[in-house]
Each structure stands twice: as structure tokens, then as C-alpha cells.
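Remarks on the overall topology
Residue-level listing of the chains:
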Amino acid sequence: MNRRDLNFAERLYLSEVFKGLWLTSGHFFSNMKKHLARQLGFTRIEKGAVTFQYPEERRPFSPRYRSRHRLTQREDGSPRCVACMMCETACPARCIYIVAGEHPDPNIEKYPARFDIDLGVCVFCGFCVEACPEDAIRMDTGIVEIAAYSRKEMIYHIEDLLQ
Amino acid sequence: MTSETETTSTEPSQPKELTPRAMLLNVGPSHPAMHGVIRIVTQLEGETVEKCEIEIGYLHRGFEKSCEQGGYNQAVPYTDRLNYVSPLINNFGYVMAVEKLLGIQVTERCEYIRVIMGEISRVTDHLTCVAASAMELGAMTVFLYMIKAREFLWELVEDVTGARLTISYGRVGGVSGDLPDGFKEKALGVFKEVRKVLVEVDKLLTRNRIFVDRTKGVGTISRADAIGYGFTGPVARSVGIDYDVRRDQPYGVYNRLKFEVPLGTRGDNLDRYYVRMQEMEQSLRIAEQALATLPGGAVNVDASGNVIEARDMVDRAKMGQTRGVKQTLVQLSPNLEGLQDPRYKQVVASDKRAVLPAKSNTYGNIEGLMNHFMLIMEGYGIQPPKGEAYACVEGANGELGFYVVSDGTGRPYRVRVRPPCFALMAGVHRMLEGFMMADIVPTFGSINMIAGELDR
Amino acid sequence: MIVNIGIELAKVLAVLIGVLNLAAILTWMERKQSAVMQDRIGANRASIFGFRMFGLFQVLADGLKMFVKEDFIPAQGHRFLHGLAPFVAAFFALIGFAAIPFGDTIHLFGREIPLQIIDLNVGILYIFAAMSLGIYGVVLAGWASNNNYAFLGGMRGSSQMFSYEVTIGATILGVLMIFESMSLQQIVRAQGQLLWGIVPKWGVIVQPLGCILFLVAGIAETKRVPFDLPEGESEIIGFFVEYSSMKFGLFMLTDFVETVLIAALVTTLFFGGWQVPYLMADGWHLPGGTLLAWPQWLVAITQVIAYAIKVFFFCWFMLLVRWTLPRFRYDQLMRLGWQMIFPLSILNLLATAVVILLLN
């Protein structure tokens, strides 16, 4: 990076303006070539734009990406959660609400009678996943489309979360 | 002009004396060019700003009070949202303050990781600032090129932390997970792309007389004023104040890494642009050095070669079948990829009072489970001894300090942030007065005021 | 008589439709060209029955949106002037096209039809007069909006346009001296001559400095980046901040129509207008003496197409400049106009005069 004062040619505006125009028109022509080539059928040429055309193309998420929650299931389909309230306590936004119920099997003492996550309040920090000692809640669904028409619809109950 | 004739009912009355009044222009909170929400009331004389008054506080969300209602780790997502373009630096600053209270020393690999992620964050912050300033000056292509570079960096951050901006990566005693495999190669590739963009922006702006005329000599502040208001960071360095927390009060492993601190002389917008562009290059250099000398890494587990799913480990351990469990690797949720047992130990301090045990212990044996519960349960958690600690880091805007007071319980008594932007905003009116109205927005942009940090 | 009126009407319609369509296409091109320059894809979702046509329907969508929006007049503003301003701006930008030739002549129905709406012998002066009257649109818009920001924009816009009117006039004096006429058709015809037998006598070759100065002053006149401080999108929003729906649409249209006008003027004065090198009214007169005969209608059509391509290229160039350069601050802009471009154009004039004197 040249921090000296502008020399005479640069003070005439034109030389640097032309260099700038050369750079951007370079981008223009190289991208146009790529677009035209892809339109004509040469699909092996790299894309001329960095855009992902949602919803046809989606940006690939990394494996650690925190998307919508899900409750993991046992073999019989019931949630693995034992309502220990660790996630509810760890949540900084206080968006999880659990009501525990007694489970007939003494090895699994409790189960969640209610498990609500208010996705409008959730900050997607992942503390619940870290706090769970049973690997019952995960944020790996890859679903990020959680828009709703009302705040009530953004509260996900246990049946929504089991999918 | 007075009329000498007698006034009759048909003639116009005497014109009043015209007193010139300066125009009051309200560059209001909702303005397309304002960074965050700020109100600047300016008094204009023609095109020159005579006086201006700045009103802040539109984004006050009660960060400091909110930190007092949860545990020490639960304040980390709040700190993400302070300087939301460089969230990793905020995380680490806060966590360092709590570690000082607890007297914990984190592992070396963790320090290196914090340095790398902090410098990546710094680059994203400077990219945003220079891009927004260029856009306000009319060069919109520069904006989009830099945003493209920023996207590449965010993909890197997403690979490590699980989110692009609201990362919650720091934990008391370490970080939330180790770097993924193949991170070093990917990061070096991304840094190359970012450098390409920086070269392009340099070609488009630095020697361009239109840009130089717009920014040279504009928004200057004297060195005495800068020190008096308490400026730190790139704005202070552009005036010539040679202070950088990374070098003068080193934390982490900055004392082992070589980097330069770019300085300016005039304190105008152009110098701030130079300082930020050169700081980006230096940050990339620091990150590359740290990646090259990163200790630890893929650990060869002396395992019997088994990998079991997390749920199986939980089920078996509950039934008491813990034989051989310690020699297996557990397949965790993809979100928890960085907490795989042998790697996790490298990035967190081995302090049971503050750090969650590795998942294999939580799932696999009762001691780990109890430790886990005690750290999360209400009323327990991380309980530092009574006291106070202040830790400062070099944020993208200056010295970002966290002052944490503990009263011995699991909740902080007080968390105070020293936002670097606050001192900058106090002195901004000096930078705006005397210059033209068209300079308000570029000068303001070059200060990089982030409302989240300013108003907390 | 009727046929004459019919022909004139046809020409007017052709020019009007051509210019308005080009201005509308320029809105599309602005988005797409800027997108390609910035490594992204522009607006491409507007579709009719599933056909996207690369986003061309976006233009229709924008127009439709503007028509159905609420038309808003600020409460304390001056109603009549507020409504008059966009009309004034658009009207005077459009009538400038009457004097610009888009072809030589075409022989149809036994008549010789000049491809120009009117061939004034003070064509240039007429165009500049029309552009000057367009300044009123800006002033009225800024003043009648009862808004400090708009007022600032209007003041800046009007004084900028005034100064660059003078400058633009000064830059082309050299061209007028060389081609010895103010009628645009004469100037274009004179550019068909060959210098030293090979090089066509285009304006850019005999007046390179004048061309650059005219281009700069022209971009300043149309208030496009890097001279768009009156529009000042990120600072004071501009003189049209209190306009909505189609009145705002008219201001945007004026912007693009003036772009086309400056592009047309540059091609006419400096790049040979409708001239294709070596193509005369009866065919190709290649250097070396060969003559390739072409029918007259083919020659005429080729020349019109050449003109269109040149105008299109200059529009593309102005869009490229718009998306690359930062903008000037107001006082720097005025200083550029008065202290740099104007003296340089006077010097250019003196040098041209000396050279003409020496060569004759």
C-alpha cells in the first residue's frame, strides 16, 4: 500500500480512473464469459457469480451449524429426553419450557409431558445441546426456514420437535 | 430597503429586516447511511457544519443488567451482540475477565485458537467498516467486493463455531470446541482470497484522486484532543498515538507473534483508511503465524478402534455397563463436533470448577455427570471467589475492557463493559465541526461506531 | 401534405419510442451490469407465466409498482410546482433528441427522408438550450417539497448543472470550429472525410482532449456518479425525496434519458454519429481504391444500426463509470468544473485555432 502523496499523473484523475475502470470491466467481461458459457450449455465452467439462487440452490452449511432443534428418539419413537431441566436452566434466553411426567419404566424415571421451545426468543446459541446429558436435543436438522405469521406459531411443541 | 413614499392601502407595507438564520439539519436515527442508530443534530451555515450535537442510546438493550440474571457462561451470548461485526473478540474479552477472577490458566492451544479467531474477527470488522465508508462515498463496487471477502471469512467462522455472527464460542476456561479437521488448509485458502480482494480495493481507491480528495484533511482531530477524550484503536493510531493492547499489555500468545502496528499522522479519514487496510494485512499475518505454530492437533487415540453413538453410550452407561467405555470414541451430535474427547482437553483448562467435562465422561460415568450437573444447575454453576477483575483486549475499535465483579454466587454481581466507541463518540463532534455537510457521513463511517457496543 | 405529416409523425414516434425504451432498458442494464461487475446475479425473479427473460420483466414490474403507488404531495409544499417539476425535467430532456441525426437519408416511396426529426442549423444550441431548461425541474422539485434535505439537493443540483452547462459549451467549441457548422447533420457528414486517406475524420481523432472533457462534463450534467451529489443517495437522499410513484419514476426516467442524450451527443460529435468508416451512400469505399456497391436502403439501415451500437456502448461506459468511482464532494465538483475543465477547454480552443490557422 503506497501511502505517499499523489504524483502528477495521479493528480490528473485520469490514469487512476482508467486503472479502476480496467479492473471492474475486467470483472465484467470475465463474469459475462462465464455466464454466457453456462447459458450455452458448458456447465463445467465455474459460476460467474457468488450468489446462491435460493430456494433452488441452498448454501451448504457446515456440520456444526446450529439450525432448528430436534428431540432425538428412542427405538419406540418416544423422546430420549428425561426432563432433567438442564437445557432449560442453561438456556440464556429462557426459551425452553418443560413439564415433567413420570415414566412407568424405573430405568427411565421421567419423560417430558410438555417441551416447548419458543423459537422467536431462542438465540441459537447451542447451550441446550451442550448441556444435555442424554444427547436428547440436537440442532442439526439443517432447517432454517422457521418463519411464521404470528408469535404463537413460533412456539414449537414436542410433536413438532420430534420430526 | 425602506420605502420613502407614504403607505396607502394599495401599496405594500415595509419589508421586514431579514435576519439570516442557520439551518438546523437533523441527521436522524433512521437514515440510510447511518451505522446503527445515532442522531446528529447539525447547525449548518450553507454547507459547513457549525455545531453539532450527537444523541446516542437508541440501541440500549440493558446488556449489563441482563448479564446479572444468569450464570457466568450464560453472559457469553450477550457479549456476542455487543460489537456484532467482531463477536469473537468480545467473547474472549469477557471470558478472560472471569478467568482472571477464578485464577484459571487456559491451555496453550486454546490461546492460539483465540488469537486466530480474534484476528479473523478483526478482519471482518475492518472489512465492514471500509466497505461501508466506500459505499457512502459512492464506490459501491468496493462495498460488494469486501462483503464477498467477508462472506468467505464467515464461512470459516461457521466451520469452527457453528454460526456466522452469533457464535457464543468462548467459554470460561477455554472455548466451546476444537478447530475442525482441515481448518488450516481451508483458512490459508480463504486468506489468499481475502488478500486478492484487498489488492483490488487498493487499486480502486488508494491512489484515486477522487477518493483521496474526499478523505484527506477531512475529519481531523488533534492529538491532544484524541488523548483527552480517551481514544484508542485505529482512530487513535491514525493520529499517531502508538498504543495497541496486543503489544503493550499482551494477552494470549501475542507476545510470541510478530506483527506491526500501523500508524497515521494527520488523523483524517484517509489515515484511518490506511490504518485499517494495513491492520487487515497484519491480522492475516498474525493468523497465519498462529496457524503455523499451533500446538496439539489430531491426537492419536489409543482406542480399541470403536466408535459408539452418543445415545448408545448413554443407554449403556445408565445400565451400569461402563466397562471399556473409556477406550471408545463417542460419536457426538454434529453441533458438538469440537468436543470430541481427546481434542476437547486441549482447548479447555482442566479445572472442574468452571469447565464442563468431556461428553464421554458426561455420558459415560457418574462423576462426569455430577460435575456436569453441578456446573449447570441453578444455584450452583461457576462460582468464582468474591472479587473483581478487569481484562482488556484490543477490539476492532480500540481497547475493549470487561470489568466483572463477583459476590461468590453463581451469578455475576456486575459486568461492566468499557466500549471503545463511547470515548470515540464523545470526540466525534470535534471531527465534524468545521467541515462540510457532505463530510458528515464519511467521517462518521470512518470511526466505525457500532451501536451495539456503544449503547450496549 | 398528409404523407409528409405522416412521415414526420413516424420519425417522432420512432425516436420517442426508441429513447424511452432505451431508458427503460437502461434501468435493467444498470442492475444487471452492476451485478456482473460485482460477481453477483442481479434481479432475476420477475416472471410472467414462468418465463424470466433474464430479469427483463423486472422493468415492467417496477413500472407497474410505480403506477399503483400512492401519489403523495407534502402537506406544506406547493402543490402545482410539486407536480410541475417532474414534467419539466422529463419534457426538456426528451425534446433534445429532435435535433440528433440517427441516420443519413433513406429513399422510401420515391422520397428522400432525412433520418433526423428537424435539421436545425443551430442544432447544438437547441440541444443545450433544452438541457438548460431542464434545470428548472430540479430547482422546482427541491423548493416545492418543503424539506430541508430536498432543498439542499435542489440548490446543489441547480448550481452544478449551471456550471457544467457553461463548461459543456466550452468543450465543444473546438469541434464546431473544425467542422464549421452547428448543425448536427453537417457535423456528422463532415466526419465521413478521411484524413491522410485512411483515418476517418472523427471528432475523437481531431479533438481528443475535447472528447474527454466533454464526456466528463456530460456525466456531470446528468448528475450521475461521480457527480451525483444532488442525488446524494447515501447522504441527503436528494432533491426528489418527497416524490413517490410515477413522479419519482419520471425523475428516474429523466436521469436515464439524459444519459442516452449525452451518449448520443458524444457519438454524434466525436465518434462519427451514424458514420461507419469507409461506408458512403453508394457502398464501401475502401482505402486502396476498391468500391463495394451496396443498395441505398442497406447502407441507411447499417448506418442506423451503427449509431445505435455506438450509443449503447457509451451508455454501457457511463454505467461502468457509475459503479466504479466514488463521488465528488460539492466544492470539489465546482472546482473541477470551473478551475480545471473550463480553462482546459479554452486552451483546447486556442490550440485548435492555431492548428487550423497553420494548416490552412
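Residues numbered from 1 in each chain as written. Chains lettered and ligands numbered in written order. Predicted model: local features only at pLDDT ≥ 70, side-chain atom pairs only at ≥ 80, totals over all residues. Heavy atoms only, no water.

1. Here's the deal with the pattern of salt bridges
Where charged atoms of side chains with opposite charge meet at close range, the side chains can pair. All names here are of chain B. Using the criterion set out here, one finds 42 salt bridges over all chains in the structure. Of the charged contacts, one joins R209 and D213 as a salt bridge, the two residues approaching to 3.2 Å between their closest N and O atoms. Separated by four residues within a single helix, R209 and D213 lie in helix α7 (residues 209–215), roughly one turn from each other. For R209, a relative accessible area of 9% gives the class buried. Residue class for D213 comes out partly exposed when judged on its relative accessible area of 21%. Of the charged contacts, one joins D225 and R430 as a salt bridge, the two residues approaching to 2.7 Å between their closest N and O atoms. Here R430 lies in helix α16 (residues 420–432) and D225 lies in helix α8 (residues 223–229), a separation of 205 residues in the sequence. According to the relative accessible area criterion, D225 is partly exposed, its value standing at 22%. Each of E119, R122, R237, D244, R246, E279 and E394 takes part in salt bridges that share partners, so that together they form one network. (Salt bridge = Lys/Arg side-chain N within 4 Å of Asp/Glu carboxyl O. Helix = DSSP H or I, 4+ residues; strand = E, 2+ residues; numbered from the N terminus. Buried < 20%, exposed > 50% of the residue type's maximum accessible area, 1.4 Å probe, protein only.)

2. Observations concerning the sheet that holds strand β2 (residues 39–45) of chain B
Residue and element names in this part refer to chain B. Taken together, three strands build an open sheet; the order of strands is β1-β2-β3 and the sheet is antiparallel. Where the open sheet ends on each side, the last strands, each with one partner, are β1 (23–27) and β3 (48–55). On average, adjacent strands in this sheet sit at an angle of 20° to one another, irrespective of strand direction. Pairing of β2 with β3 involves seven bridges; the strand directions are antiparallel. Looking across to β3, one finds that R39 is bridged to E55. Along the sheet, α16 contacts β2 and β3; its crossing angle with β3, the most-contacted strand, is approximately 170°. (Pairing = 2+ DSSP bridges. Axes fitted to C-alpha atoms, helices over the stretch in contact; angles between N-to-C directions. Contact = heavy atoms within 4.5 Å.)

3. Thoughts on the domain arrangement of chain B
Residue and element names in this part refer to chain B. Splitting chain B by domain gives domain 1 (63–296 + 383–454) and domain 2 (307–376). With 20 residues of domain 1 in contact, the opposing surface of domain 2 contributes 13 residues. Summing the contributions of domain 1 and of domain 2, the shared interface buries around 1200 Å²; its carbon and sulfur component is 49%. Sorting the residues of domain 1 by area buried against domain 2 places I104, T107 and D178 first, and these three jointly supply 33% of that buried surface. Scanning the region where domain 1 abuts domain 2 turns up zero salt bridges. Linking domain 1 with domain 2 are one residue pair in polar contact (both at pLDDT 80 or more). Mapped onto the side of domain 1 that touches domain 2, the elements with two or more residues apiece are α4 (108–136) and β5 (174–175). (Domains from an automatic or database assignment. Buried area = accessible area lost by both parts, 1.4 Å probe. Polar contact = N/O pair within 3.5 Å; in protein donor to acceptor, adjacent residues only side chain to side chain.)

4. With respect to the side chain of K11(C)
Residue and element names in this part refer to chain C. The topology assignment puts K11 in helix α1 (residues 2–37). Overall, K11 belongs to the buried group, its relative accessible area being 6%. If sequence neighbours within four positions are ignored, K11 has contacts with I113, P114, Q116 and I117.

5. Describing the environment of N348(C)
Residues and elements named next belong to chain C. Within the secondary structure, N348 sits in helix α13 (residues 330–359). Here the alpha-carbon distance between N348 and A14, two residues 334 residues apart in the chain, equals 37 Å. A distance of 3.1 Å separates the side chain of N348 from the side chain of Q207, its partner in a polar contact.

6. Some remarks on helix α3 (residues 87–102) of chain B
Helical geometry: 3.6 residues make up each α-helical turn, so side chains three or four residues apart lie on a common side. All names here are of chain B. Between the first and last C-alpha of α3 there are 23 Å, a value that for 16 residues agrees with the 22 Å anticipated at 1.5 Å per step. Taking burial as the measure, the 16 residues of α3 include 15 buried ones, the bulk of the element. Just beyond α3, the residue with positive phi is G103, at close to 75°. (Expected span 1.5 Å × (residues − 1).)

7. Thoughts on the interface of chain A and chain B
Across the boundary between the two partners, chain A contributes 48 residues, which contact 73 residues of chain B. Together, the buried faces of chain A and chain B total about 5300 Å²; carbon and sulfur atoms form 51% of this surface. Applying the counting criterion to the chain A and chain B interface returns two salt bridges. With a shortest N-O distance of 2.8 Å, E158(B) and R59(A) are connected by a salt bridge. Of all the elements in the fold, those that place two or more residues in the side of chain A that touches chain B are α1 (8–11), α2 (14–39), α3 (86–90) and α4 (127–131) of chain A. The leading source of residues in the side of chain A that touches chain B is α2(A), at six residues. Of the residues in the side of chain A that touches chain B, the class split is 24 nonpolar, eight polar and 16 charged. (Nonpolar A, V, L, I, M, F, W, Y, C, P; charged D, E, K, R; others polar.)

8. Re the packing of α2(A) against helix α6 (residues 183–206) of chain B
Between α2(A) and α6(B), whose axes approach to 8 Å, the crossing angle comes to 145°. Facing E16(A), G20(A), L23(A), T24(A) and H27(A) of α2(A), the residues of α6(B) in contact are E200(B), K203(B) and L204(B).

9. Observations regarding the packing of aromatic side chains
Under the definition given, this model contains 23 aromatic pairs over all chains. Each ring, one from Y273(B) and one from Y274(B), has its centre 6.0 Å from the other, and the planes form 45°; the classification is tilted. Exposure remark for Y273(B): the relative accessible area of 6% places this residue in the buried category. With a relative accessible area of 4%, Y274(B) lands in the buried category. For the ring pair F91(C) and F92(C), a centre distance of 5.2 Å and an interplane angle of 75° mean the geometry is edge-to-face. Judged by its relative accessible area of 37%, F91(C) falls in the partly exposed class. Overall, F92(C) belongs to the buried group, its relative accessible area being 19%. Among the aromatic residues, those joined into a ring-pair cluster are F28(A), F29(A), W202(C), F271(C), F313(C), F314(C) and W316(C). We note R456(B) situated over the ring of F422(B); from NZ or CZ to the ring centre the distance is 5.9 Å. If you follow R322(C) out to its NZ or CZ, it ends over the ring of W323(C), 4.8 Å from the centre. (Phe/Tyr/Trp six-rings, centres within 6.5 Å; stacked < 30°, edge-to-face > 60°. Lys NZ or Arg CZ within 6 Å of the ring centre and 35° of its normal.)

10. Some remarks on a nonpolar patch on the surface
All names here are of chain C. Where nonpolar side chains cluster on the molecular surface, the patch consists of I48, F49, F51, M53, L56 and L60 and spans about 680 Å² of accessible area. Its place among the elements puts F49 in the loop between α1 and α2 (57–68). Judged by relative accessible area, which is 80%, F49 ranks as exposed. (Patch = residues over 30% accessible without salt bridge, like charges linked within 9 Å, V, L, I, M, F, W, Y side chains within 5 Å. Areas by Shrake-Rupley, 256 points an atom, 1.4 Å probe, with all protein chains shown as cover.)

11. What to know about the pairing of strand β2 (residues 111–114) of chain C
All names here are of chain C. When strand β1 (residues 105–108) meets β2, the two strands line up antiparallel, connected through four bridges. Within the sheet, the bridge partner assigned to T105 lies in β2 and is P114. Counting the residues between successive antiparallel strands, the hairpin from β1 to β2 contains two residues, one of them, F109, with a positive phi of roughly 50°.

12. Considering the packing of α4(B) against α6(B)
All names here are of chain B. Where α4 meets α6, the closest approach of the two axes is 13 Å, and the angle between their N-to-C directions is 25°. The angle between the axes of α4 and α6 places the two elements in the roughly parallel class. Handedness of the crossing formed by α4 with α6: left-handed. For the pair α4 and α6, the contacting residues are I116, M117, I120, V123, L127 and A134 in the first and F183, F191, V194, L198 and L205 in the second. Of the residues that constitute the contact of α4 with α6, the class distribution is eleven nonpolar, no polar and no charged. (Parallel < 35°, antiparallel > 145°, perpendicular 65-115°, else oblique. Left-handed = near helix turned anticlockwise from the far one by under 90°.)

13. A closer look at the layout of surface pockets
Residue and element names in this part refer to chain C. Put simply, the largest pocket is a space of about 1100 Å³. What lines the largest pocket is a set of 33 residues, among which T27, D62, M66, M252 and F256 lie closest to the centre. Where the lining of the largest pocket is concerned, the elements lending two or more residues are α1, α2, α11 (245–270) and α12 (296–324). No other element matches α2, which puts nine residues into the lining of the largest pocket. Its residues placed into classes, the lining of the largest pocket shows 20 nonpolar, four polar and nine charged. (1 Å grid on protein atoms, 1.4 Å probe; cavity = no way out; pocket = protein on both sides within 12 Å on 5 of 7 lines; lining within 4 Å. Points joined across faces, edges and corners; volume = space filled by probe spheres on them.)

14. Description of the interface of chain C and chain B
How big an interface is tends to be expressed through the accessible area that disappears when the partners come together. The interface of chain C with chain B comprises 28 residues on the first partner and 35 residues on the second. Between chain C and chain B, the buried area comes to about 2700 Å², and carbon and sulfur atoms account for 60% of it. Our count for the contact surface shared by chain C and chain B stands at two salt bridges. Between D439(B) and R329(C) there is a salt bridge, with its nearest N and O atoms 2.9 Å apart. Here chain C is connected to chain B by nine residue pairs in polar contact (both at pLDDT 80 or more). Elements that contribute at least two residues to the side of chain C that touches chain B include exactly α6 (148–171), α12 and α13 of chain C.

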